[in-house]
Amino acid sequence: SDHDRVGLSASDGHEVEAEGARLSRTQVRSASIFGHHRLTDAWAVTWDLGWLQYRPGYIRRGAHVGLRHTF
């Protein structure tokens, strides 16, 4: 319906950090899928699954589920 949605996000790039007097460049990659599904006019379920790689060796994965109420 018009009130339900699913999305996809992906990125691949570099982040610049200051380490004292020098700059370093780190590769960052991420991907996620997310959704919002209306149950009633006031209530909806939200969710997302995500993955992030920051620097070689640091990977974060996660999932969230939520209940949303509109006042």
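Provided above is the structure to which this section pertains.
Structural notes, computed from the coordinates. (Residues numbered from 1 in each chain as written. Predicted model: local features only at pLDDT ≥ 70, side-chain atom pairs only at ≥ 80, totals over all residues. Heavy atoms only, no water.)

Structural notes on the sheet that holds strand E3 (residues 43-54)
Logical step 1: Across the sheet, four strands lie side by side as E1-E2-E3-E4; this open sheet has antiparallel pairing. A strand with exactly one partner marks an edge of an open sheet, and here the two such strands are strand E1 (5-19) and strand E4 (59-69). Pairs of neighbouring strands in the sheet enclose a mean axial angle of 15 degrees, with direction left out of account.
Logical step 2: Of the pairings in the sheet, the one linking E1 to strand E2 (residues 22-38) comprises 15 bridges and is antiparallel in character. In the strand pairing of E2, glutamate 15 is matched with threonine 26. (Pairing = 2+ DSSP bridges. Helix = DSSP H or I, 4+ residues; strand = E, 2+ residues; numbered from the N terminus. Axes fitted to C-alpha atoms, helices over the stretch in contact; angles between N-to-C directions.)

As for the pairing of E3
Logical step 1: Bridge analysis of E2 against E3 gives eleven bridges, and the strand direction is antiparallel. The partner of glycine 35 across the bridge, within E3, is tryptophan 47.
Logical step 2: Adjacent in sequence and paired antiparallel, E2 and E3 are bridged by four residues.
Logical step 3: Across eleven bridges, the pairing between E3 and E4 is antiparallel. Counted as the bridge partner of leucine 49 is alanine 63 from E4.
Logical step 4: Connecting E3 to the antiparallel partner E4 that follows it, the hairpin turn spans four residues, and arginine 55 within it adopts a positive phi of roughly 65 degrees.

So, the packing of aromatic side chains
Logical step 1: Scanning the entire structure with this criterion turns up one aromatic pair.
Logical step 2: Judged by centre distance (6.5 Å) and plane angle (90 degrees), the ring pair of tyrosine 54 and tyrosine 58 falls under edge-to-face.
Logical step 3: Taking relative accessible area as the criterion, tyrosine 54 reaches 17% and is therefore assigned buried.
Logical step 4: For tyrosine 58, a relative accessible area of 41% puts it in the partly exposed group. (Phe/Tyr/Trp six-rings, centres within 6.5 Å; stacked < 30°, edge-to-face > 60°. Buried < 20%, exposed > 50% of the residue type's maximum accessible area, 1.4 Å probe, protein only.)

Some thoughts on the side chain of serine 24
Logical step 1: Mapped onto the fold, serine 24 is located in strand E2.
Logical step 2: What makes serine 24 buried here is its relative accessible area of 14%.
Logical step 3: Within polar-contact distance, the side chain of serine 24 engages the side chain of glutamate 19 at 3.2 Å.
Logical step 4: Residues in contact with serine 24, not counting those within four places in the same chain, are Glu15, Val16, Glu17 and Glu19. (Polar contact = N/O pair within 3.5 Å; in protein donor to acceptor, adjacent residues only side chain to side chain. Contact = heavy atoms within 4.5 Å.)

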